[in-house]
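Read off the chains here:
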Amino acid sequence: MTKISVSIVNVTSYSGLELLRLLSQHPHFEVKSVTARSAAGQRLYDVFPQFCAGLKRHGGISSGFDPALVITNEPDKVDLAFVCLPHAAAAASVVSLLERGTKVIDLSADFRLRDAAVYQEWYKLAHPAPALLETAAYGLCERYRERIAVATLVANPGCYATAAILGLMPAVAARVIGTDLIIDAKSGLSGAGRSPTLSTHYAEANEDVCAYSLSGHRHLPEISQELMAAALAEGNPLNQPPRITFIPHLVPMTRGLLATCYADLQQDAQGHVLTGAEVRELYETYYAGEPFVHIVDQPPHTKWTYGSNNCFIYPTVDTRTGRLVVISCLDNLVKGASGQAIQNANRLYGLPETCGLSPMSINP
Ligand SMILES: NC(=O)c1ccc[n+]([C@@H]2O[C@H](COP(=O)([O-])OP(=O)(O)OC[C@H]3O[C@@H](n4cnc5c(N)ncnc54)[C@H](OP(=O)(O)O)[C@@H]3O)[C@@H](O)[C@H]2O)c1
């Protein structure tokens, strides 16, 4: 099979770097073009010796990428581009790539929200390409794998959104919980990206934990949109958007994201409230056959996910309060970004979703 040529737009971002690492082992995609403003004109091995030294010594590899690739300002003509830019800059790049006939997986938030007015409310700017919102597929394979397979533009979900949606979707879709939801989430610092800021400065972040975006994190409308869509798809439409309190925290680790979600269990028409065992069965059935979502029988650790595309979910019932508690965790740079992007790319090209994605994490 001829290799599918791909571009990583903004390879100097953390998600771009992670794509390079993951794609180096992919049997069907070959990185033919990489862009970045600050590194344009340099070769990959000059900028990332940690990745490329071994490959260079062995004269390159037959799959993945050539470590001598020159980083450019604009992507070359390729089959597929992964866009790893901040929002707004991403939309401009996506539009020009699509015009050239390139399929795109956008890792930014620009095409995740279906309603341009909601985008404007949360991102404080008019949507740069509203016409594309209708055709963009939300890149959560666990919900939209058929739509993704025929898309030209895939909006890769946010990292917090992926953990929270996967954690709550089975219970919301089955309407076994009320619509008051609390999501208490913690992320490692790479979730904030590679550009240095005061809050990600070592002396500030090390040995510190703090909450942020209490007035509303931008992943909240995405979570709300997708939980409503999941309930509708199961024939259980919500009468109104869920009331979500979503509080993210920065914790002093490099990767990993853990979301603990709470909701009141509600009675069904017969007055029955799900037991812990029934909740677990609901989740196991919902995710049966999913290659990357694993229902586990103990609270998962972020370390379990380090470097892998897995999402571990532990659903349980707090019998004293009648609350559902779901703990969901993943690697923000893999299932929360670049691994999920490759899972989507595999769908776009009719490959098994697991293609090129090792099930193994790094441990300890
Ligand atoms: N980090 C995560 O865990 C994560 C997870 C899911 C989704 N995302 C999303 O994925 C996208 C990339 O995130 P990231 O965290 O990987 O990026 P990042 O590490 O924050 O990328 C930083 C780099 O982006 C470039 N850049 C910044 N502003 C730019 C602009 N206006 N135009 C062009 N280049 C610009 C700069 O590189 P140069 O100076 O070299 O050009 C900068 O060094 C974002 O939209 C983010 O929201 C991130």
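Residues numbered from 1 in each chain as written. Predicted model: local features only at pLDDT ≥ 70, side-chain atom pairs only at ≥ 80, totals over all residues.

Student: Before we move on, can you summarise the packing of helix H6 (residues 141–149) against helix H11 (residues 334–348) with the specific residues and values?
Tutor: Their axes nearest at 9 Å, the elements H6 and H11 cross at an angle of 40 degrees. Regarding the angle of H6 to H11, the classification is oblique. As for the relative orientation of H6 and H11, their crossing is right-handed in sense. Residue-level inspection shows Cys141, Arg145, Ile148 and Ala149 of H6 in contact with H11, the latter providing Gln343, Asn344, Arg347 and Leu348. Taken together, the residues of the contact of H6 with H11 sort by class into four nonpolar, two polar and two charged. (Axes fitted to C-alpha atoms, helices over the stretch in contact; angles between N-to-C directions. Helix = DSSP H or I, 4+ residues; strand = E, 2+ residues; numbered from the N terminus. Parallel < 35°, antiparallel > 145°, perpendicular 65-115°, else oblique. Left-handed = near helix turned anticlockwise from the far one by under 90°. Contact = placed C-beta atoms within 7 Å. Nonpolar A, V, L, I, M, F, W, Y, C, P; charged D, E, K, R; others polar.)

Student: I'd like to hear about the domain arrangement of the protein chain, residue by residue, with values.
Tutor: Split into domains, the protein chain comes out as domain 1 (4–135) and domain 2 (160–333). Placing the centre of domain 1 and that of domain 2 at their C-alpha centroids yields a distance of 27 Å. Elements with a minimum of two residues in the side of domain 1 that touches domain 2: helix H1 (14–23) and helix H5 (116–123). Along the lines of polarity and charge, the residues of the side of domain 1 that touches domain 2 split into six nonpolar, three polar and three charged. (Domains from an automatic or database assignment.)

Student: Run through the sheet that holds strand E11 (residues 243–250), naming residues and quoting values.
Tutor: The sheet built from seven strands is open, its strands ordered E10-E11-E9-E12-E15-E14-E13 with mixed pairing. Looking along the sheet, the strands with just one partner apiece sit at the ends: strand E10 (210–211) and strand E13 (293–295). (Pairing = 2+ DSSP bridges.)

Student: Could you give an account of the pairing of strand E12 (residues 257–265), with specific residues and numbers?
Tutor: With eight bridges connecting them, strand E9 (residues 177–187) and E12 associate as antiparallel partners. Pairing of Ala185 across the sheet is with Ala259, part of E12. Alignment of E12 against strand E15 (residues 323–330), held across eight bridges, turns out to be antiparallel. The residue of E15 that forms the bridge with Tyr262 is Val325.

Student: Please provide a residue-by-residue account of the site of the ligand, values included.
Tutor: Around the ligand, 29 residues are found, and the nearest of them are Ser13, Arg37, Ser108, Gly193 and Arg194. Of all the secondary structure elements, the ones that give two or more residues to the shell around the ligand are H1, helix H4 (89–99) and H11. Split into classes, the residues belonging to the shell around the ligand amount to 13 nonpolar, 14 polar and two charged. Each of two domains, domain 1 (4–135) and domain 2 (160–333), supplies a minimum of three residues to the shell around the ligand. (Near = placed C-beta within 6 Å.)

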